[in-house]
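Close look at the chain arrangement
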Amino acid sequence: MSWNIEMPDAVWLSGDSPAHEIQEFVNEVADCKEVAIDTETTGLNISKDTVLYWSVAWYRPNGSTVRACLRADLLYRFEDIFHEKDRNWIFCNAKFDAHMCKNTGIDIDGEYHDISVMHSLLYEEMPHGLKEMTAQLQGWKWRGFTDTFGKVDRKDPKWIQNALITAEKENLALLTEYASNDAFGTLENYRTLKAQLQEAGTWSLYPELYGNLWDLFKKVEVPFTKVLWKCERAGMRVDLGYLSAIEGPVKMEIEKLERELVRMRGKPVNPNSTMQLRQWFFEELGIKPTKFTKGGAKGVKEPSLDFDALTALADDGVTAAIALLRYRDLTKLYGTYVIGLQDKVDQYSRVHTRFNQDVARTGRLSSSDPNLQNIPSPDNDKFKIRKAFTCEPGNCLIVADYEQLEMRLLAAAAMEQDMIDIFLKGWDIHMGNASLVFGLPYEDIANAKKTDKKVKEGLLPESEMTEYVHKCLYARQAAKTIGFGLNYGMGAKRLAATLGRTVEEAEALIDQYMSRYPTVKQFFKDSTNTALEYGYAFTILGRRRFLPGIKSNRMVDRSRAERQASNLPIQGTAADVAKMAMIRCDEANLHDRFGWHMISQVHDELIFEGPEETVDDVIPIVRECMMHPLPTDLAVPLTISIGKGHTWVDAK
DNA sequence: CAATATGGCGCG
DNA sequence: AAAGCGCGCCATATTG
């Protein structure tokens, strides 16, 4: 028995079933407004695999429950129902099932209610998989795929479909039971989670709109799931020629560095092996470790050879450290991006990432398979991987970025009028902060920046770099580092190290900053007090994060919770803003009007692709949607920098 | 053999 | 590493 509870009998239906049975079943689904659905597929690839079997479950008006397993050939009998726009479907991992259905030729046009997303709003630290959440919420356990269908050869790419198709032939009851469990569990969890979300009060700036977590789910996350599905579906065009062209040169350079490192050591070394490197540097060369690793579960701290440590060694004249830094740089690029990316490209030269809606505790997205949110920035990447992200012939890209989004949200949340004024005047925020905090005229700082640039370009003599110019530049750098760092709760030690100053100086800088912006200081204090009082930190739309560590007696835990309590309202609200902007862009219906697709998001940056002819029609619409994402505008304008071009680099 | 842990590092 | 927040992926080493 798969379940440790009473279950309704599972129904099996296929195209071979009697016509009247099928028709009765279709009719009953048509009358039901909330249906849970799950797919069994040929595999897990969202751009290739298709549905083999699918299961549905719903509650009858009389209180009984139906669960059934159907063969994929019956999907087409439900097409009219799938095409209803106001129908409520319930899934676990909705985008996956919708991809599988689409790959099988079925568009699901109704609303996608994803119980993993629901679960993530309530239990952000727990796993959101069906099995795990069912065990947690219902106390039920059931057998997994391999436990049900026996040992399989996972190296065979067709292992999933082989197991399922064999089961249909040889043990139909087992297949029916297994598959319909998933839809049934999804339905039961939905009922539980819906009640819990409705009960879950929250604090948002718009209580009449988002008074509890169910409001947030239904009004924001549900439409968002479908927006993300469309982004995943569209994918992003990759220039394989570009990647293969840099593959050779990068590899050659890596091999050259490998030989160089072996020569330096005088015996073989695998530069990817931290163990061998420690042996070499700390035992053979007798270098004294200055930095240690964090130490994992066992808490064993080993001498570190990361970027900071190697840079320090390089400065001390250890030539192997220089070579190793270059080696690291290139192998990272090669393995993760040049090779890794090519493996993920589909038959149309497009990559389809997964935008995960239920991972980040702040409500941000994450991106995986491949991760399109950590592609190297062209400033730091001499091979310009981002140039490989391009568009179809006749199309172009739009790249639209929020400018200093988190800093603006901080100013608005803290109601720091002087900082707000900097944004209203259109000033550079770091220069503005430097001016106010360190009492230097804004113009002088701006001019210092220009002078520095010209001297670097050789347009002005070195003598222009007066002590005062340096002072202005340093003020801007300090203001910038503090501005970013404070959002994350950076301490004086780290600030001192980053700026190359003493700890006392760093403390003084933080003091100066905080006393010039007292409401910012108050905002951080209020954030931790809110977490202390309610146990949670909140975003502007009422997404919340549970922070039990805020009351811990252990300093490390409590301090971390305090930093998270301060950061969540900013990072999480930025995520809310991006999310709402994407929903607004989707509602603008760029596809039907202009042939444009939204294709990617990198936290504060949206990317679109469409025909060149209409690009100038689309740009102002995107800007408008992004500037006003929330029910009301904030005290700070949200400005967008927007560009067009044929690659990710050119469009920025 | 696969799954997990660790160090390291890419992004906002 | 440092009271720096939030992610995912690579390679190696270890564990089962």
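So, how was this worked out
Residues numbered from 1 in each chain as written. Chains lettered and ligands numbered in written order. Predicted model: local features only at pLDDT ≥ 70, side-chain atom pairs only at ≥ 80, totals over all residues. Heavy atoms only, no water. Helix = DSSP H or I, 4+ residues; strand = E, 2+ residues; numbered from the N terminus. Rg over C-alpha atoms; globule rule 2.2 N^0.38 Å. Buried < 20%, exposed > 50% of the residue type's maximum accessible area, 1.4 Å probe, protein only. Contact = heavy atoms within 4.5 Å. Salt bridge = Lys/Arg side-chain N within 4 Å of Asp/Glu carboxyl O. Near = heavy atom within 4 Å. Polar contact = N/O pair within 3.5 Å; in protein donor to acceptor, adjacent residues only side chain to side chain. Nonpolar A, V, L, I, M, F, W, Y, C, P; charged D, E, K, R; others polar. Pairing = 2+ DSSP bridges. Axes fitted to C-alpha atoms, helices over the stretch in contact; angles between N-to-C directions. Core = buried A, V, L, I, M, F, W, Y, C linked by side-chain atoms within 4.5 Å. 1 Å grid on protein atoms, 1.4 Å probe; cavity = no way out; pocket = protein on both sides within 12 Å on 5 of 7 lines; lining within 4 Å. Points joined across faces, edges and corners; volume = space filled by probe spheres on them. Phe/Tyr/Trp six-rings, centres within 6.5 Å; stacked < 30°, edge-to-face > 60°. Lys NZ or Arg CZ within 6 Å of the ring centre and 35° of its normal.

Counting its secondary structure elements, chain A contains 24 helices and 17 strands. Taking 26 Å as the expected radius of gyration for a compact globule of 652 residues, we find that chain A reaches 28 Å, a close match to that expectation. Dimensions of chain A, computed from C-alpha atoms along their principal axes, come out at roughly 90 × 65 × 60 Å. Within the span of chain A, comprising 652 residues, buried residues form 52% of the whole. A sequence separation of at least 24 residues applies to 67% of the contacts in chain A between residues at least 6 apart.

On to the pattern of salt bridges, then. Under the criterion given, the structure shown has 38 salt bridges. Residue Lys291 is joined to Asp308 by a salt bridge in which the shortest nitrogen-to-oxygen separation is 3.5 Å. With a gap of 17 residues between them, Lys291 in the loop between α11 (274–284) and α12 (307–315) and Asp308 in helix α12 connect regions that are remote in the sequence. What makes Lys291 partly exposed here is its relative accessible area of 27%. Ionic pairing is found between Asp401 and Lys652, a salt bridge with its closest N-O pair at 3.7 Å. Taken together, the residues Asp401 in strand β12 (residues 395–402) and Lys652 in the segment after β17 (640–645) connect sequence positions 251 residues apart.

A separate point is the protein's contact with DNA strand B. Surrounding DNA strand B, one finds 26 residues, the nearest of these being Leu305, Phe307, Lys332, Ser377 and Asp604. Sugar plus phosphate: this is where 81% of the atoms of DNA strand B within 4 Å of the protein reside. Here Arg364 contributes a side-chain N or O atom positioned 3.1 Å from a base nitrogen of DNA strand B. One of the backbone N or O atoms of Val602 is found 3.5 Å from a sugar or linking oxygen in DNA strand B.

Attention now moves to the protein's contact with DNA strand C. The environment of DNA strand C is formed by 39 residues, the closest being Tyr488, Arg494, Arg545, Ser559 and Arg563. Within 4 Å of the protein, the contacting atoms of DNA strand C are 68% sugar and phosphate, with bases supplying the remainder. Within the backbone of Lys294, an N or O atom sits 3.2 Å from a phosphate oxygen of DNA strand C. In the environment of DNA strand C, a phosphate oxygen lies 3.0 Å from a nitrogen or oxygen atom belonging to the backbone of Arg361. Of all the elements in the fold, those that place two or more residues in the surface near DNA strand C are α13 (319–343), β10 (366–368), α19 (492–499) and α22 (555–587). For the surface near DNA strand C, the per-class residue count stands at 8 nonpolar, 19 polar and 12 charged.

Our next topic: the sheet that holds strand β3 (residues 51–59). Reading across the sheet, the 6 strands line up as β1-β4-β3-β2-β5-β6 and stay open at both edges, with mixed pairing between neighbours. In this open sheet, the two edge strands, each paired with only one partner strand, are β1 (10–13) and β6 (111–114). Across the sheet, the mean angle separating the axes of adjacent strands is 30° when strand polarity is ignored. For strand β5 (residues 88–91) and β6, the ladder comprises 4 bridges, and the chain directions are parallel. Considered in β6, the bridge of Ile90 is made with His113. Most of the contacts of helix α9 (residues 213–234) go to β6, to which it runs at about 105°, and overall it touches β5 and β6.

Attention now goes to the nonpolar core. Ranked by size, the top nonpolar core spans 68 residues in total, and within it Ile115, Leu541, Leu590, Trp596 and Phe608 carry the most contacts. Once residues lying within four places of it in the same chain are set aside, the contact partners of Ile115 are Ile90, Phe91, Cys92, Leu130, Met133, Thr186, Asn189, Tyr190 and Leu193. Counting 48 residues, the second largest nonpolar core, distinct from the first, contains Val250, Val318, Cys391 and Leu397.

Locating Ser116 in the fold gives a position in helix α4 (residues 115–122). When the C-alpha positions of Ser116 and Asn181 are compared, they lie 16 Å apart, and in sequence the two are 65 residues distant. When near neighbours in sequence (up to four residues on either side) are disregarded, Ser116 contacts Cys92, Asn93, His128, Met133 and Asp358. There is a polar contact of 2.8 Å between the side chain of Ser116 and the backbone oxygen of His128.

The next thing to look at is the sheet that holds strand β11 (residues 389–390). A sheet is described by the order of its strands in space; here 3 strands give the open sequence β8-β7-β11, paired in antiparallel fashion. Of all the strands in the sheet, just β8 (350–351) and β11 have a single pairing partner and so form its edges. Bridge count between strand β7 (residues 236–238) and β8: 2 bridges; the pairing is antiparallel. Note that in β8 the partner of Met236 across the bridge is Val351.

Further remarks concern the layout of surface pockets. Estimates place the volume of the second largest pocket at around 920 Å³. In this structure, the second largest pocket is lined by 28 residues; those nearest its centre are Lys226, Trp229, Lys230, Asp586 and Asn589. At the level of secondary structure, the elements contributing two or more residues to the lining of the second largest pocket comprise β6, α9, α22, α23 (590–594) and β15 (597–601). For the lining of the second largest pocket, the element with the highest residue contribution is α9, accounting for 8 residues. Residue composition of the lining of the second largest pocket, by class: 13 nonpolar, 4 polar and 11 charged.

Attention now moves to the packing of aromatic side chains. For the coordinates displayed, the defined rule picks out 20 aromatic pairs. For the pair Trp54 and Phe82, a centre-to-centre distance of 5.9 Å together with 50° between the ring planes defines the contact as tilted. Of this pair, Trp54 sits in strand β3 while Phe82 sits in helix α2 (residues 79–82), placing them 28 residues apart in sequence. On the basis of relative accessibility, which here comes to 0%, the residue Phe82 falls in the buried class. Their ring planes at 40° and their centres at 5.1 Å tell us that Tyr536 and Phe546 sit as a pair that is tilted. One end of the pair, Tyr536, is in strand β13 (residues 536–538); the other, Phe546, is in strand β14 (residues 544–546), and 10 residues separate them in sequence. Residue Tyr536 is classed as buried on the basis of its relative accessible area of 18%. In textbook terms, an aromatic cluster arises when at least three aromatic residues are bridged by ring pairs, as seen for Phe25, Trp54, Trp58, Phe78, Phe82 and Trp89. We note Lys425 situated over the ring of Trp427; from NZ or CZ to the ring centre the distance is 3.9 Å. Positioned above the aromatic ring of Tyr474 is the side chain of Arg501, whose terminal nitrogen or guanidinium carbon lies 4.3 Å from the ring centre.

On to helix α14 (residues 405–414), then. When you tally the buried positions in α14, you get 9 out of 10 residues, the bulk of the element. Taken residue by residue, α14 has Leu405, Glu406, Met407, Arg408, Leu409, Leu410, Ala411, Ala412 and Ala414 as its buried positions. As for α14, its buried residues are in contact with β12, α15 (417–424), α16 (429–438), α18 (467–488), α21 (518–534) and α22. Just past α14, the residue Met415 takes up positive phi, approximately 55°.

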